[in-house]
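So you can see what is in the structure, the chains are spelled out below.
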Amino acid sequence: MKIPKALKKGDTIALISASSATPPGKLYPAIESVEKLGFKVVVGETSRARHGYLAGSDELRAAEVNQMFRDPSIDGIFCIRGGYGATKILPFLDYDMIQANPKVFAGYSDVTALHIAFNQNCNFVTYHSPMPSTEFIQSDMDDYTWDCFINGVMATESSGLQLDNPPAQSMTTLVTGQATGQLVGGNLTLVTASLGTPYEIETQGKILFLEDIDENEQRIDRMLTQLKLAGKLDAVAGILLGAWTNCGPENPEQPENSLSLQTIFNEILVPLKKPIVMDITCGHCLPTMTLPLGRTINVNAETHMIKVVG
């Protein structure tokens, strides 16, 4: 895997949306938040465009991704937000050109579709990270989240980096053991949506990270079951489970008619007998960790030691 050149202050960052439209009131605060980090900002047309729930047409969003990778004056690309739509542009991307021009590419949630495509088709590391119009501008954006993000994109070649939760938030062991493999994954809904497509996630011998938001427990069960039936879970070396924000019973007044996430994990994931760590502080939450997708990591599920080793 190629590791993109680390960003430094003064570099130029492109803000784009491959997914949903950016609320107008959030655009300028998002720009300012990136400038405060010491970067110059180029605002892509998709950060202002709207096509219903999308940030412009599929052709526009794809062309802008291609443009920002092709442009030598752009040092890094931050997805300004997630939402929906990244999967729709996958057939229109110039993967040979993108592979020849690896850059820091950061975002999460719907951006998972692009992380999978770039990791597998273009063979370079990408960054599962908070985004400018969502986390960056929140009043409760915390030092842990800032530090993880800045260290991730400005020290890209670091080895031996330990992926730790904030001090007050402990990880949990679901299945003990140790595993080493390439870190892949992201949002469970997007990972599952890749199945049966030319952009299907590869999990053989890898460490699979999963998180999600606003999915009730039955839908989490269905998606994990689909990954299981597709052989994707049996193939992994280990699993990291992040935040499951607002992923409770469909009817909170009748929890007895649902299965808890813990029960679902126990029934679907524990029988895999692979090392699994839960409660990773990463996903649709604050604080949140920045993950280097594509890097090789070692996981000790008993001691909760997660270290970048390659």
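In this report, the structure presented in the accompanying data block is examined. (Residues numbered from 1 in each chain as written. Predicted model: local features only at pLDDT ≥ 70, side-chain atom pairs only at ≥ 80, totals over all residues. Heavy atoms only, no water.)

## Quick look at the overall build of the chain
Next, step 1: Counting secondary structure elements, the chain contains eight helices and 13 strands.
Next, step 2: Here the C-alpha atoms of the chain give a radius of gyration of 18 Å, agreeing with the 19 Å that 2.2 N^0.38 yields for 310 residues.
Next, step 3: With the C-alpha coordinates aligned to their principal axes, the bounding extent of the chain is approximately 50 × 40 × 40 Å.
Next, step 4: When burial is assessed residue by residue, the chain has 56% of its 310 residues classed as buried.
Next, step 5: Relative to all contacts within the chain whose residues are 6 or more apart in sequence, the contacts with residues 24 or more apart total 80%.
Next, step 6: Of the roughly 12,500 Å² of accessible surface on the chain, 49% is carried by carbon and sulfur atoms.
Next, step 7: Of the charged side chains in the chain, 23 are positive and 34 negative; the average position of the first set lies 7 Å away from that of the second. (Helix = DSSP H or I, 4+ residues; strand = E, 2+ residues; numbered from the N terminus. Rg over C-alpha atoms; globule rule 2.2 N^0.38 Å. Buried < 20%, exposed > 50% of the residue type's maximum accessible area, 1.4 Å probe, protein only. Contact = heavy atoms within 4.5 Å. Areas by Shrake-Rupley, 256 points an atom, 1.4 Å probe, with all protein chains shown as cover. Lys, Arg positive; Asp, Glu negative; His and termini not counted. Charge placed at Lys NZ, Arg CZ, Asp CG, Glu CD.)

## Here's the deal with the pairing of strand 7 (residues 178-187)
Next, step 1: Counting buried positions along strand 7 gives eight out of 10 residues, so the element sits mostly inside the fold.
Next, step 2: Relative to strand 12 (residues 296-300), strand 7 runs antiparallel, the two being bridged by five bridges. Across the sheet, A179 pairs through a bridge with V299, a residue of strand 12.
Next, step 3: With five bridges connecting them, strand 7 and strand 8 (residues 207-213) associate as parallel partners. (Pairing = 2+ DSSP bridges.)

## So, the nonpolar core
Next, step 1: Residues V65, F69, L93, I98, L114 and F118 are the most contacted members of the largest nonpolar core, which totals 29 residues.
Next, step 2: Residue assignment for this core shows that the elements contributing at least two residues are strand 1 (12-16), helix 2 (58-70), strand 3 (76-79), helix 3 (95-100) and helix 4 (112-121).
Next, step 3: When neighbours within four sequence positions are excluded, I98 is seen to be in contact with V65, N66, F69, L93, F118, C122 and F124. (Core = buried A, V, L, I, M, F, W, Y, C linked by side-chain atoms within 4.5 Å.)

## Examining the pattern of salt bridges
Next, step 1: All chains considered together, the criterion is met by seven salt bridges.
Next, step 2: Residue D11 pairs with K8 through a salt bridge whose shortest N-O separation is 3.1 Å.
Next, step 3: Its relative accessible area of 5% is what places D11 among the buried residues.
Next, step 4: The network of salt bridges with common partners includes D58, R61 and K88. (Salt bridge = Lys/Arg side-chain N within 4 Å of Asp/Glu carboxyl O.)

## A look at empty space enclosed by the protein
Next, step 1: Counting across every chain of the model gives one cavity of 30 Å³ or more.
Next, step 2: The computed volume of the largest cavity comes to approximately 40 Å³.
Next, step 3: For the lining of the largest cavity, the elements supplying multiple residues, two or more each, are helix 4 and strand 7.
Next, step 4: In terms of residue class, the lining of the largest cavity is built from four nonpolar, four polar and no charged. (1 Å grid on protein atoms, 1.4 Å probe; cavity = no way out; pocket = protein on both sides within 12 Å on 5 of 7 lines; lining within 4 Å. Points joined across faces, edges and corners; volume = space filled by probe spheres on them. Nonpolar A, V, L, I, M, F, W, Y, C, P; charged D, E, K, R; others polar.)

## Let's talk about the sheet that holds strand 1
Next, step 1: Read across the sheet, six strands follow the order 2-1-3-4-5-11 without closing on themselves; strand pairing throughout is mixed. If you trace the sheet from one side to the other, it starts and ends with strand 2 (40-43) and strand 11 (291-293), each paired once. Looking at each pair of strands side by side, their axes are set apart by 25° on average, direction ignored.
Next, step 2: Examined bridge by bridge, strand 5 (residues 126-128) and strand 11 share three bridges and lie antiparallel to one another. Each residue of the ladder has a partner; that of Y127, found in strand 11, is P292.
Next, step 3: Of the strands in this sheet, strand 1, strand 2, strand 3 and strand 4 (104-107) touch helix 2, which is tilted by about 175° from strand 1. (Axes fitted to C-alpha atoms, helices over the stretch in contact; angles between N-to-C directions.)

The values reported here are purely geometric and, on their own, carry no functional implication.
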